[in-house]
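As a plain string of letters, each chain reads:
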Amino acid sequence: MDNLQVNQFSYNFDNGAVTSAQVGLYGANTPDGEYVNASIRVKQEDLPEGKNFMEVAMADMVTIARQKLAKDTAAKADEAKATEDDTKDAQ
């Protein structure tokens, strides 16, 4: 799904200071009817070292959110093996 688009972006504040950014990402594969709809929180520790939210461009935060989504949804070797084992057990 190469057409992942930003459908929401907002900053979260605490006592007037930006504490995180919330990035909404949406993508659809129209022929298959499959879609992704995610809300990813970009935290201070996700930003480049020494930078705060006012020093990082929105486009860069969107890139960080995309990377977090990819990492969070990537199949891990242990999970893939467990799924494979479950499939074999069901047969």
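Predicted, not measured: the structure shown is a model, and the values here were computed from it.

S.K.: Sorry if this is basic, but what is going on with helix 1 (residues 58–73) here?
M.R.: Quick reminder: α-helices carry 3.6 residues per turn. Residues three or four places apart thus point the same way. Between its first and last C-alpha, helix 1 extends 22 Å over 16 residues, near the 22 Å set by a 1.5 Å rise per residue. The set of residues buried in helix 1 consists of Met 61, Val 62, Ile 64, Ala 65 and Leu 69. The arc that holds every buried residue of helix 1, seen down its axis, measures 160°, which confines them to one face. Exposed and facing more than 90 degrees away from the buried side of helix 1 are Ala 59, Gln 67 and Lys 71. Among the structural elements, strand 1 (5–14), strand 2 (17–29) and strand 3 (34–43) are those in contact with the buried residues of helix 1.

S.K.: Please clarify how the pattern of salt bridges should be interpreted in this entry.
M.R.: Oppositely charged side chains can pair when the atoms bearing their charge come close. This structure, assessed with the given rule, holds one salt bridge. For Lys 68, the salt bridge goes to Asp 46, with nearest N and O atoms at 2.8 Å. Here Asp 46 lies in the loop between strand 3 and helix 1 and Lys 68 lies in helix 1, a separation of 22 residues in the sequence.

Conventions used here
Residues numbered from 1 in each chain as written. Predicted model: local features only at pLDDT ≥ 70, side-chain atom pairs only at ≥ 80, totals over all residues. Heavy atoms only, no water. Helix = DSSP H or I, 4+ residues; strand = E, 2+ residues; numbered from the N terminus. Expected span 1.5 Å × (residues − 1). Buried < 20%, exposed > 50% of the residue type's maximum accessible area, 1.4 Å probe, protein only. Arc of directions from axis to C-beta. Contact = heavy atoms within 4.5 Å. Salt bridge = Lys/Arg side-chain N within 4 Å of Asp/Glu carboxyl O.

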